[in-house]
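# Descriptive structure summary
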Amino acid sequence: MKYESQKVAKLYFVAAIGLFVGQILFGLVMGLQYIVGDFLFPEIPFNVARMVHTNLLIVWLLFGFMGAAYYLVPEEAETELFAPWLAKLMFWIFLAAGAATILGYLLVPYATLAELTMNDLLPTMGREFLEQPTITKLGIVVVALAFLFNIGMTILKGRKTVVNLVLLMGLTGLAVFFLFSFYNPVNVVMDKYYWWWVVHLWVEGVWELILGSILAFILIKTTGVDREVIEKWLYIIVAMTLITGIIGTGHHYYWIGTPAFWQWWGSIFSAMEPIPFFMMTVYAFNMVNKRRRNHPNKAAVLWALGTAVMAFLGAGVWGFLHTLAPVNYYTHGTQITAAHGHMAFYGAYVMIVLAMISYSMPMMRGREACNSARAQSMEMWSFWLMTISIIFITLFLTGAGILQVYLQRFSDNPMPFMVVQEKITLFYWLREIAGLVFLLGLVLYIASFFVGKNEPEATVELAK
Amino acid sequence: MAQAFTKAMARNIFYVGTLFFFLLFLALTFQTHSTLPDRDNRQAINDTVALGKKVWEQNDCIGCHTLLGEGAYFAPELGNVYKRFGSTDAIKAFIASRPKDGIPGRRSMPQFNLSDEELTAVAEFLKYVSGIKTNNWPPSPQG
């Protein structure tokens, strides 16, 4: 850590991990509701648990991205953060808004929340992932603008690296495309069309720029490979991301009232979306193999390699499985989609944030470069537990999805939704068990921050 | 990557490629808009449907159901529920009759205590959605 102001990232990372725990607990609640339908009913109906689960995910990833930016931008720009006080202020505003929103979901019926927050003035609520009250959405815009200003001014006064520029473009895109969440016409087709400009252009567009630049930063720091090489890779990866991903939005436009030509555009371009993820895997392993030094933070390198592999599997392979229009005709809106969503989000975004936390947190907590060998060992255990259990969650949901597609849509005598759900309960049990293992991994992850504090830092010899 | 492939070339591919494909996306969006009047059943939209969409949104129906395949996968697809149930009255009766405390051991839709006007509106909204041309999706009436 070269600059004092980088330390504001710590606040963001601590909040991110806290909200991550909440996300997983509500995920387990929902998983159980899939099996025991009246679990916590009517106190916490499924839709409420789901809002909490997905919104916590989005909010903690945003905390993670902002923390990552506050840490890496000053270091790349070789200057102190423009306004550390603004970063701290925005942290508390964002945390308060996020907490109030989640409590709103849990404490009052959603319709009451809509009324209390005067949703009628500018109705934006009640759409998947964009359930936040309009006032919260406005708060997100304010926080995003203040954040971009702070990051932008820091970059402007310092060294302009490719990592910083790509990150800034990703973060700016995130803020710009979020504005489409305020467009909510009565026309369902138009509503859905532009809803994807937030959701798809985030996760299969600009967020990948954020992912790419954070990964590039960690690789530069941990491998010592020439920045020129890494930056060239970064450019070509994000180029392929947007070249395939923008038109790839079309894979959401097959069955929502939009014209059939999207079946061609969407299939062809989204079939190429795995390419940048594959390149990312090749590049991450290449850079680590060509490393000029052994970084003692073995855990951070593991997360970095892990994110490259799991993003390729989750976003790339599991996305491709159901992206071609003739396949998607049967799989659209089933557990196949859920399977893909879980591994893609974990692989691409959860792991990159955890990689950044793993790399930076030891230094923000006063270490030279890394944690003790014991803490790292525990962190790597948590890596394997969480990663393997997400693989199993994905496999079990895929099994459930294949059966669901067959029984409900493909067979000669399609059965009703609820009948099919009962027939595939076994897979939901298995998914829930895998979810408990994930929680165990998460507990170990948190514990890893508290063990071996008084032991010396791991050394390169130990890390080999 | 070969030595001949420089960082400047990678950068140019990024900027030019992104710009080109974003413009292409805008062109396809423009084309999409021109086809929508024949596809999106907009002639069925009226004040009741608008109220119905509001009821749909303000009770977070998408948190359990899918609509044209998008949403949560906990409860049945509703884009074609009007066709599956056969009438708006059947939809209204179903929503109105959900038990307050659920059904022991099973998934149940909450009792939302909607007024008759709201029930009519949400049923009319679902009827409107069922008239959208979806390229013959879903594959079966079961959704």
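None of the values given here were measured: they were computed from a predicted structure. (Residues numbered from 1 in each chain as written. Chains lettered and ligands numbered in written order. Predicted model: local features only at pLDDT ≥ 70, side-chain atom pairs only at ≥ 80, totals over all residues.)

### A word on the overall build of chain A
Scanning chain A from N- to C-terminus turns up 17 helices and zero strands. In terms of overall dimensions, chain A is globule-like: its C-alpha atoms have a radius of gyration of 22 Å, near the 23 Å expected for 464 residues. Dimensions of chain A along its principal axes, counting C-alpha atoms only, are 65 × 45 × 45 Å. Within chain A, the proportion of its 464 residues that are buried is 59%. Contacts spanning at least 24 positions in sequence make up 81% of the contacts within chain A whose residues lie at least 6 apart. (Helix = DSSP H or I, 4+ residues; strand = E, 2+ residues; numbered from the N terminus. Rg over C-alpha atoms; globule rule 2.2 N^0.38 Å. Buried ≥ 20, exposed ≤ 12 C-beta atoms within 10 Å, placed from the backbone. Contact = placed C-beta atoms within 7 Å.)

### Brief notes about helix α6 (residues 162–178) of chain A
Residues and elements named next belong to chain A. The end-to-end C-alpha distance of α6, which contains 17 residues, comes to 24 Å, matching closely the 24 Å that a straight helix rising 1.5 Å per residue would cover. Among the residues of α6, those classed as buried are V162, V163, N164, V166, L167, L168, G170, L171, L174 and F177. Residues of α6 that are buried in the fold lie against α2 (46–77), α5 (134–157), α7 (188–223) and α8 (227–248). (Expected span 1.5 Å × (residues − 1).)

### Some remarks on the interface of chain B and chain A
Tallying the contact residues gives 63 residues for chain B and 58 residues for chain A. Mapped by element, the contributors of at least two residues to the side of chain B that touches chain A are α1 (7–35), α2 (47–58) and β2 (70–71) of chain B. Looking at the side of chain B that touches chain A element by element, the count peaks at 14 residues for α1(B).

### Focus: the domain arrangement of chain A
Residue and element names in this part refer to chain A. Per the domain assignment, the segments making up chain A are domain 1 (1–160), domain 2 (166–293) and domain 3 (323–464). Between the C-alpha centres of domain 2 and domain 3 the distance comes to 21 Å. The interface of domain 2 with domain 3 comprises 14 residues on the first partner and eleven residues on the second. Of all the elements, α7 adds the most residues to the side of domain 2 that touches domain 3, at six residues. When grouped by side-chain class, the residues that make up the side of domain 2 that touches domain 3 number eight nonpolar, five polar and one charged. (Domains from an automatic or database assignment. Nonpolar A, V, L, I, M, F, W, Y, C, P; charged D, E, K, R; others polar.)

### A word on the packing of α8(A) against helix α9 (residues 261–271) of chain A
Residues and elements named next belong to chain A. It is the contact of α8 with α9, at a shortest axis distance of 8 Å, that shows an interaxial angle of 155 degrees. Considering their axes alone, α8 and α9 lie roughly antiparallel with respect to each other. For the crossing formed where α8 meets α9, the hand is left-handed. Each of T244, I247 and G248 in α8 lies in contact with α9, whose residues at this interface are W265, G266, F269 and S270. Residues that form the contact of α8 with α9 fall into these classes: three nonpolar, four polar and no charged. (Axes fitted to C-alpha atoms, helices over the stretch in contact; angles between N-to-C directions. Parallel < 35°, antiparallel > 145°, perpendicular 65-115°, else oblique. Left-handed = near helix turned anticlockwise from the far one by under 90°.)

### Quick notes on the environment of A:T334
Its place among the elements puts A:T334 in the loop between α12 (325–331) and α13 (335–364). Using a count of 24 C-beta atoms within 10 Å as the deciding quantity, one classes A:T334 as buried. Considered as a pair, A:T334 and A:T307 are 27 residues apart in the sequence and their alpha carbons are 26 Å apart. In contact with A:T334, not counting residues within four places along its chain, are A:G401, A:Q404, A:V405 and B:Y73.

### Topic: the domain arrangement of chain B
By domain assignment, chain B separates into domain 1 (1–38) and domain 2 (42–143). Here domain 1 of chain B and domain 2 of chain B have C-alpha centroids that lie 38 Å from each other.

### What about helix α5 (residues 116–130) of chain B?
Between its first and last C-alpha, α5(B) extends 21 Å over 15 residues, near the 21 Å set by a 1.5 Å rise per residue. The buried fraction of α5(B) is high, at eleven of 15 residues. Those residues of α5(B) lying buried are B:E118, B:L119, B:A121, B:V122, B:A123, B:E124, B:F125, B:L126, B:K127, B:Y128 and B:V129. Looking at the buried positions of α5(B), the neighbouring elements they touch are α7 of chain A together with α2, β1 (66–67), α3 (81–85) and α4 (88–96) of chain B.

### Looking at the environment of A:N294
Looking at the element boundaries, A:N294 is found in the loop between α10 (274–289) and α11 (298–321). Taking C-alpha positions, A:N294 is 6.8 Å from A:T223, a pair spaced 71 residues apart along the chain.

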